[in-house]
Amino acid sequence: MSQFMLQDIWKPVIEIVILWFVIYRIMLFFAGTRAILVLRGIIVILLAFFIVQRLNFLILEWLFTKLFAISVLALLIIFQPEIRQGLANLGRRHLFEIIKEGEDFDLVLKEVLTAVENLSNSKIGALIVLAKEDPLSEYIKSGVIIDGRPSSELIQTIFTPNSLLHDGGVILQGGRVMAAGCIFPLTQKEQLHRFLGTRHRAAIGLSEETDAVVIVVSEERQDISLAYKGQLYQGLTREVLFSKIKEIFKTEGGRWLKRILPAG
Amino acid sequence: MVKKNFTRRLIIIITTHPWLKVISLLIAILLWFYIQGEINRFDY
């Protein structure tokens, strides 16, 4: 008897868990885009439909059913860019997971840090973003798409003064240099030091909005900083930066650095 | 050490995007019941 009951329970539980995972991944993918507003609307309609169905309101149920039939086509049209991007990212995301865990991640990071060190020594400002889980598609769109293999030379060239892409930030995602000249939101914190300019404010701003790791090189002070989850950590050496970034990507957060600036 | 890391990872997995997880779980449950209802209604 209990064996039959167990069989009746585990199948729906597994099905719900799979559905949960799929829905969560879809929502996570849309979280950083404008499409999340449309998605919220759809969720509200779905909930309303479910309630209407449970209460047996036949007319409303009929209406919702017809509405859904039309909305499938509408959704394909509305989400066309996101669907295309999502499908293209499927393979890339998988690759990213491998890169994140494997030795390739170290190589990419070393290239980035070499560039950061050279830029700092040359008194050239830089803003480099390492994407984590949150999608940065909105910010990538604000810049110029590169989709190139990361190398210290490429990053240094981008930030060379007077180059067309030196303004704004570079985004690294999926082990690739995705875009340059990207615009990020500025933080609204008022407790920041007066010597922190727009570049640092943009770094903190982006780290407040997303889970991305942002490296900043100050052109005046040659200082290397790191912004993560709304906090700015200044005066870092290459070695400290390397180990801390590795730690963030390995553990997805945690207490890994002594906070230098107040939370604000 | 391994156990500590595992616990830490588990905490991080649970605490990242908690609302998104709760909402998606609710939708998954509703969707499952809806599909189950449709299956029963049309006797697949």
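As the structure is a prediction and not an experimental result, all values here were calculated from the model.

Undergrad: I'm lost on the overall build of chain A in this one. Help?
TA: A count of helices and strands for chain A gives nine helices and seven strands. Counting all 264 residues of chain A, 26% fall into the buried class. Taking the contacts inside chain A whose residues are at least 6 apart along the sequence as the reference set, 63% of them involve residues at least 24 apart.

Undergrad: Mind showing me how you'd approach the overall build of chain B here?
TA: If you tally the helices and strands in chain B, you get two helices and zero strands. The buried share of chain B, reckoned over its 44 residues, is 7%.

Undergrad: Is there a simple way to explain helix α3 (residues 58-78) of chain A in this structure?
TA: Helical geometry note: an α-helix holds 3.6 residues per turn, so side chains three or four residues apart project in the same direction. All names here are of chain A. Its 21 residues place the ends of α3 29 Å apart at the C-alpha level, agreeing with the 30 Å of an ideal helix rising 1.5 Å per residue. At Ser71, α3 is bent by approximately 30°, the largest bend along its length. Burial analysis of α3 places just zero of its 21 residues in the buried class, which makes it a mostly uncovered element.

Undergrad: Which parts of the structure should I look at to understand the sheet that holds strand β3 (residues 169-173) of chain A?
TA: For sheets, the rule is that strands pair by backbone hydrogen bonds, running either parallel or antiparallel. All names here are of chain A. Here we have seven strands laid out as an open sheet, ordered β2-β4-β3-β1-β5-β6-β7, and mixed in their pairing. Looking at strand neighbours, the two that pair on one side only are β2 (144-148) and β7 (231-233), the edges of this open sheet. The mean angle between the axes of side-by-side strands here comes to 20°, regardless of whether they run parallel or antiparallel. Here strand β1 (residues 126-130) runs beside strand β5 (residues 213-217); their pairing, made up of five bridges, is antiparallel. Along β5, the bridge assignment pairs Ala126 with Val217. Lying on the sheet, helix α8 (residues 198-209) is in contact with β1, β3, β5, β6 (224-228) and β7; it crosses β5 at an angle near 175°.

Undergrad: Help me understand the environment of A:Phe159, please; the structure alone is not making it clear to me.
TA: Residue and element names in this part refer to chain A. Residue position: Phe159 is located in helix α7 (residues 152-159). By C-beta crowding, Phe159 is classed as buried, having 26 other C-beta atoms within 10 Å. With 44 residues separating them along the chain, Phe159 and Ala115 place their C-alpha atoms 9.7 Å apart. The residues touching Phe159, leaving out its near neighbours within four places in the chain, are Leu119, Ile124, Ala126 and His166.

Undergrad: How should I be thinking about the nonpolar core in this particular structure?
TA: Soluble globular proteins tend to pack their nonpolar side chains together in the buried interior. Counting 46 residues, the largest nonpolar core has A:Val116, A:Ile128, A:Val129, A:Val170, A:Ile171, A:Leu172 and A:Val214 as the members making the most contacts within it. Top contributing element to this core by residue count: helix α5 (residues 103-121) of chain A, with six residues. Dropping the residues within four chain positions of it, A:Val116 is found in contact with A:Ala126, A:Ile128, A:Ile215, A:Val217 and A:Ile224. In this structure, A:Ile23, A:Met27, B:Ile27 and B:Ala28 belong to the second largest nonpolar core, which totals six residues.

Undergrad: Can you help me understand the confidence of the model for chain B in this one?
TA: Should pLDDT be low for a region, the predicted coordinates there are not to be read in detail. Of all residues in chain B, 77% attain a pLDDT of 70 or more, and the chain-wide mean is 76. Across the interface, the model reports ipTM at 0.83; the global pTM reads 0.54.

Undergrad: Looking at this model, I keep getting lost on unusual backbone geometry. Mind explaining?
TA: Leaving glycine aside, a negative phi is the common case for residues, and trans is the common case for peptide bonds. Residue and element names in this part refer to chain A. Even without glycine at this site, Asn162 takes up a positive phi of about 75°. Its location among the elements puts Asn162 in the loop between α7 and β3. Note on Asn162: 5 C-beta atoms within 10 Å, which makes it exposed. In the Ramachandran plot, Lys229 falls in the positive-phi region, its phi being about 50° despite a non-glycine side chain. When you line up the elements, Lys229 lands in the loop between β6 and β7.

Undergrad: Even after reading the chapter, I still don't get helix α2 (residues 18-42) of chain B, so can you show me in this structure?
TA: Taking 1.5 Å per residue, 25 residues should reach 36 Å; α2(B) reaches 36 Å between its end C-alpha atoms and fits that length. Buried within α2(B) are the following residues: B:Ser24, B:Ile27 and B:Ala28.

Undergrad: What's the story with the confidence of the model for chain A in this structure? I'm lost.
TA: All names here are of chain A. The predicted model of chain A has a mean per-residue pLDDT of 79, with 82% of residues at 70 or higher. Here helix α4 (residues 80-101) stands out as the least confident element of chain A, with mean pLDDT 58; β5 is the most confident, with 93. Every residue in residues 94-103 is under pLDDT 50, and counting partners more than four places away or in other chains gives 10 contacts.

Undergrad: Hey, could you run me through the pairing of β5(A) in this one?
TA: Looking along a regular strand, one sees side chains alternate from face to face of the sheet. Residue and element names in this part refer to chain A. For β5, the tally of buried residues reaches five of five residues, placing the bulk of the element in the interior. Of the two faces of β5, the one holding Val213, Ile215 and Val217 and the one holding Val214 and Val216 are both buried throughout. Across five bridges, β5 lies against β6 in antiparallel orientation. Counted as the bridge partner of Val217 is Ile224 from β6. Between β5 and β6, which pair antiparallel in sequence order, lie six residues; one of them, Gln222, sits at a positive phi of approximately 60°.

Definitions and limits used
- Residues numbered from 1 in each chain as written.
- Chains lettered and ligands numbered in written order.
- Predicted model: local features only at pLDDT ≥ 70, side-chain atom pairs only at ≥ 80, totals over all residues.
- Helix = DSSP H or I, 4+ residues; strand = E, 2+ residues; numbered from the N terminus.
- Buried ≥ 20, exposed ≤ 12 C-beta atoms within 10 Å, placed from the backbone.
- Contact = placed C-beta atoms within 7 Å.
- Expected span 1.5 Å × (residues − 1).
- Bend = angle between axes of the 7 residues up to and from the residue.
- Pairing = 2+ DSSP bridges.
- Axes fitted to C-alpha atoms, helices over the stretch in contact; angles between N-to-C directions.
- Core = buried A, V, L, I, M, F, W, Y, C linked by C-beta atoms within 7 Å.
- pLDDT = per-residue confidence, 0-100.

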